[in-house]
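Okay, here's what each chain looks like letter by letter:
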Amino acid sequence: MDIGIPGSMPRLNPKCIHKAIATILALHGKVQPRSSFDRKSYFYPDQPLGFQITQHYHPIGVGGHLDLGEDDGLEYERRIGIRQIQLEQASELPTRRP
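Counting from 1, residues in each chain are numbered in the order their sequence is written. It should be noted that, the model being predicted, local features are given only for residues of pLDDT at least 70 and side-chain atom pairs only at 80 or more, the latter also being counted only at that level, while totals for whole chains, interfaces and linings use all residues. With hydrogens and water set aside, each side-chain value is computed from the structure's full complement of heavy atoms.

Caption draft 1: Main features of the overall build of the protein. If you tally the helices and strands in the protein, you get one helix and seven strands. In this description a helix means any DSSP run of H or I spanning at least four residues, a strand means any run of E spanning at least two, and both kinds are numbered starting from the N terminus. From first element to last, N terminus to C terminus, the protein shows the α and β order α-β-β-β-β-β-β-β. The buried share among the 98 residues of the protein stands at 18%. Throughout, a contact is declared for two residues whenever any of their heavy atoms are within 4.5 Å. Counted over contacts in the protein with a minimum sequence separation of 6, partners at least 24 positions apart contribute 54%. Categorising residues by exposure relies on relative accessible area from a 1.4 Å probe, with only protein chains included: less than 20% of the type maximum marks a residue as buried, more than 50% marks it as exposed, and the intermediate range marks it as partly exposed.

Caption draft 2: Structural detail: the environment of K30. Tracing the chain through its elements places K30 in strand β1 (residues 30–31). Each C-alpha atom, one on K30 and one on G63, is 6.2 Å from the other, the two residues being 33 residues apart in sequence. For K30, the residues in contact, after removing those within four places along its chain, are I24, I60, G61 and V62.

Caption draft 3: Geometry of the pattern of salt bridges. In the sections that follow, a salt bridge refers to a side-chain nitrogen of Lys or Arg positioned within 4 Å of a carboxyl oxygen of Asp or Glu. According to the stated counting rule, one finds one salt bridge in the structure shown. The partner of R79 in a salt bridge is D67, with the nearest N and O atoms 2.7 Å apart. With R79 in strand β6 (residues 78–81) and D67 in strand β5 (residues 65–68), this residue pair connects regions lying 12 residues apart in the sequence. R79 gets classed as exposed once you look at its relative accessible area, which sits at 55%. Taking the relative accessible area as the measure of exposure, D67 reaches 42% and is therefore partly exposed.

Caption draft 4: Summary view of the nonpolar core. The nonpolar core is taken to be a set of buried Ala, Val, Leu, Ile, Met, Phe, Trp, Tyr and Cys residues, with the residues joined through side-chain atoms within 4.5 Å. Formed by A20, I24, L27, I60, I85 and L87, the largest nonpolar core amounts to six residues. Contact partners of A20, with chain neighbours within four places excluded, come to I60 and L87.

Caption draft 5: Seen up close, helix α1 (residues 14–26). Take the residue count of a helix, subtract one, and multiply by 1.5 Å to get its expected span. The end-to-end C-alpha distance of α1 is 19 Å, a good match for the 18 Å that 13 residues give at a rise of 1.5 Å each. Of the residues flanking the end of α1, it is H28, one or two places downstream, whose phi is positive at about 60°.

Caption draft 6: A look at a negative patch on the surface. Within this analysis, patches are made of residues with over 30% relative accessible area and no salt bridge. Like charges are joined at 9 Å or less; nonpolar side chains (Val, Leu, Ile, Met, Phe, Trp, Tyr) at 5 Å or less. Using a 1.4 Å probe, accessible areas were evaluated by the Shrake-Rupley method; residue-level cover was limited to the displayed protein chains. Positive residues here are Lys and Arg, negative ones are Asp and Glu, while His and the chain termini are left out of the count. To locate a charge, the coordinates of NZ of Lys, CZ of Arg, CG of Asp or CD of Glu are taken. The grouping of E70, D71, D72 and E77 at the surface amounts to a negative patch. By the secondary structure assignment, D71 is in the loop between β5 and β6. Under the relative-accessibility criterion, D71 is labelled exposed at 82%.

What follows is the structure in structure tokens.
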């Protein structure tokens, strides 16, 4: 969570880490022993700070695939490759929900 107040530091939600690792393993990917966050600078109305915190360059997971077939409504089997799984700041979400 990042509230955007000067001097404040973002805080990583441990539940996000657990869900990301579960997703990586379910998609047959590799959990990286080291990952990091970077600032991706751009202007967008939902980014009042002018940047987004992302793992684009050093993601938490790499590789993997998703197999689809008849159970998914396809006439043939298909494998979709996954390049990376990353965590990102989602500033458009409210910090507190009713």
